[in-house]
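Now for the letters of each chain:
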Amino acid sequence: MLENTQRTYTSAGDLETLDFNAESEYRMFPGKEITIAKGYSTIVESLASVLPAGMIQLGRKVTKIEWQPDDGENCDVTKPVKIHFCDGSIMYADHVIVTVSLGVLKQGIGDNTGMFSPPLPRFKTEAISRLGFGVVNKLFLQLSPNRDEAMKFPNLQMVFHQSDSKLRHPRIPWWMRRTASLCPIYGTSNVLLSWFAGEEALELESLSDEEIIDGFSTMISNLLENSRHANSAIKFDKVLKTQWGTDPLFLGSYSYVAVGSSGDDLDSMAEPLPKRSNHSFNSPPLQILFAGEATHRTHYSTTHGAYFSGLREANRLLQHYHYIDI
Ligand SMILES: Cc1cc2nc3c(=O)[nH]c(=O)nc-3n(C[C@H](O)[C@H](O)[C@H](O)COP(=O)(O)OP(=O)(O)OC[C@H]3O[C@@H](n4cnc5c(N)ncnc54)[C@H](O)[C@@H]3O)c2cc1C
């Protein structure tokens, strides 16, 4: 159970791929965890409300970022970065702060897609390749209202046999067998939540609602077989699931320090480009900056890590122009 819980906390589908030493640099944020009742978007809306109207443009997927590395040749000094959007439009900029997920960056450094032109330098692509980025999905199941209201759904903590041979309940599908819990989202709620990680999380994304309901109904009836609730009809009538692994704007859920990587790779992720060498300073500085959870050495994988990294890069630009820190 602990292993499966840790798989969802870290997003390492296989804990053997997690570097425990490096993970020890991770810091929990102090204070209580809260659920934002009206949804996470309300936080973004509140942060964005102080910006001038029209400043945030949605639905404009970036397809390519052209920049001018410090290669000793003369470069344009104003607006050296050229950003291409999926609708064919172009924008010129002095600086761009890239906050796409590590999953999108991993795909973006692949040979065919070429998100950056010229491609990112080696220290950057190596950090992107070495760090881990797993898939974690949440599944919400709504209980059918016809069930016995007196029976409050319990917080189920689950452990299943994994081996193929001699499974105690062979009809319980493989993609459920590493799910650690099934719990109401609050005490008396009709909505249950389960977490999935790794290949089980990816499989969940490909299943139909009927297949998911069928899998959970089978599991519940098998578990209650010999209990006093054996005849109580526990039925599910609605399914809602996240699909972070296959969403092309995310391609996974959050980062972890994989075996072979280290906290230094998280720092490399945060390094702006072009990287300053000792000899030539021909191209304009700070053309591409990087923020997002995968650039924070101690709070990676979290929204506060993403937030702090945004402040860090905003401050970097303010200092560059000799403004004070925000
Ligand atoms: C199931 C689950 C549960 C979680 N629970 C918690 C929790 O309890 N607490 C916590 O702190 N964190 C939690 N997290 C982690 C948290 O959600 C992430 O760490 C955080 O959202 C990362 O923010 P980010 O800005 O770095 O990246 P993202 O949120 O991935 O944002 C990247 C943005 O880039 C955009 N984008 C991608 N490609 C392009 C492109 N080509 N052009 C333009 N835009 C593009 C995307 O649309 C997206 O808006 C959870 C994550 C998951 C999946």
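The shown structure was predicted, so the numbers you read here are calculated from the model rather than taken from an experiment.

What counts as what
- Residues numbered from 1 in each chain as written.
- Predicted model: local features only at pLDDT ≥ 70, side-chain atom pairs only at ≥ 80, totals over all residues.
- Heavy atoms only, no water.
- Helix = DSSP H or I, 4+ residues; strand = E, 2+ residues; numbered from the N terminus.
- Contact = heavy atoms within 4.5 Å.
- Lys, Arg positive; Asp, Glu negative; His and termini not counted.
- Charge placed at Lys NZ, Arg CZ, Asp CG, Glu CD.
- Buried < 20%, exposed > 50% of the residue type's maximum accessible area, 1.4 Å probe, protein only.
- Polar contact = N/O pair within 3.5 Å; in protein donor to acceptor, adjacent residues only side chain to side chain.
- Pairing = 2+ DSSP bridges.
- Near = heavy atom within 4 Å.
- Areas by Shrake-Rupley, 256 points an atom, 1.4 Å probe, with all protein chains shown as cover.
- Salt bridge = Lys/Arg side-chain N within 4 Å of Asp/Glu carboxyl O.
- Patch = residues over 30% accessible without salt bridge, like charges linked within 9 Å, V, L, I, M, F, W, Y side chains within 5 Å.

*Asks:* Got a sec to walk through the overall build of the protein chain? Specific residues and values, please.
*Replies:* When you go through the protein chain residue by residue, the secondary structure sums to 9 helices and 13 strands. Seen along its three principal axes, the alpha-carbon backbone of the protein chain occupies a region of about 80 × 45 × 40 Å. Taking contacts inside the protein chain between residues at least 6 apart in sequence as the whole, the part at least 24 apart equals 69%. Charged side chains of the protein chain number 30 positive and 38 negative; the gap between the two group centres comes to 4 Å.

*Asks:* Account for the side chain of Glu-313, with residues named and values stated.
*Replies:* With respect to the element layout, Glu-313 can be found in helix H9 (residues 303–320). Of the residues examined, Glu-313 reaches a relative accessible area of 0% and is grouped as buried. A polar atom in the side chain of Glu-313 sits 2.6 Å from the side chain of Arg-312. Those residues in contact with Glu-313 that lie beyond four places of it in its chain are Ile-97, Ala-270, Leu-289, Phe-290 and Ala-291.

*Asks:* Can you tell me about the pairing of strand E10 (residues 191–197), naming the residues and giving the values?
*Replies:* Buried residues dominate E10, accounting for 6 of its 7 residues. Inspection of the sheet shows strand E7 (residues 136–143) paired to E10 by 7 bridges, in the antiparallel sense. Residue Leu-139 lies in a different strand from E10, and its bridge partner there is Ser-194. Relative to E10, strand E9 (residues 181–184) runs antiparallel, the two being bridged by 2 bridges. Residue pairing in the sheet places Cys-183 in a bridge with Leu-193 of E10. Taking the residues between adjacent antiparallel strands as the criterion, E9 and E10 are bridged by 6 residues.

*Asks:* An account of the site of the ligand is needed here, citing residue identities and associated values.
*Replies:* As a matter of local geometry, the ligand sits amid 21 residues, with Val-62, Leu-249, Gly-292, Glu-293 and Thr-303 nearest to it. Contact between the ligand and Ser-301: an oxygen atom at 3.3 Å from a main-chain N or O atom of the residue. Thr-303 places a side-chain nitrogen or oxygen 2.9 Å from an oxygen atom of the ligand. The protein chains hide 71% of the 1,000 Å² of surface that the ligand would expose on its own. Mapped by element, the contributors of at least two residues to the shell around the ligand are E7 and H9.

*Asks:* I'd like a description of the sheet that holds strand E2 (residues 81–85), backed by residues and values.
*Replies:* On the basis of which strands lie adjacent, the open sheet formed by 4 strands has the order E3-E2-E1-E5 and mixed pairing. Sheet topology places strand E3 (90–93) and strand E5 (116–117) at the edges, where each strand pairs with a single neighbour.

*Asks:* Hey, could you go over the pattern of salt bridges for me, with residue numbers and the actual values?
*Replies:* This model, assessed by the stated rule, comprises 11 salt bridges. In this structure, the salt-bridge partner of Glu-200 is Arg-7, at a minimum N-O distance of 3.0 Å. In this pair, Glu-200 is assigned in helix H6 (residues 198–206) and Arg-7 in helix H1 (residues 2–10), connecting sequence segments 193 residues apart. Assigned by exposure class, Glu-200 and Arg-7 land together as buried.

*Asks:* Explain a nonpolar patch on the surface residue by residue, including any values.
*Replies:* Nonpolar side chains collect at one region of the surface, where Tyr-40, Ile-43, Val-44, Leu-47, Tyr-307 and Leu-311 lie side by side and expose about 560 Å² of accessible area between them. Elements with a contribution of two residues or more to the nonpolar patch: helix H3 (41–48) and H9. A per-element tally of the nonpolar patch places H3 first, with 3 residues. If you trace the backbone, Tyr-40 turns up in the loop between helix H2 (20–23) and H3.

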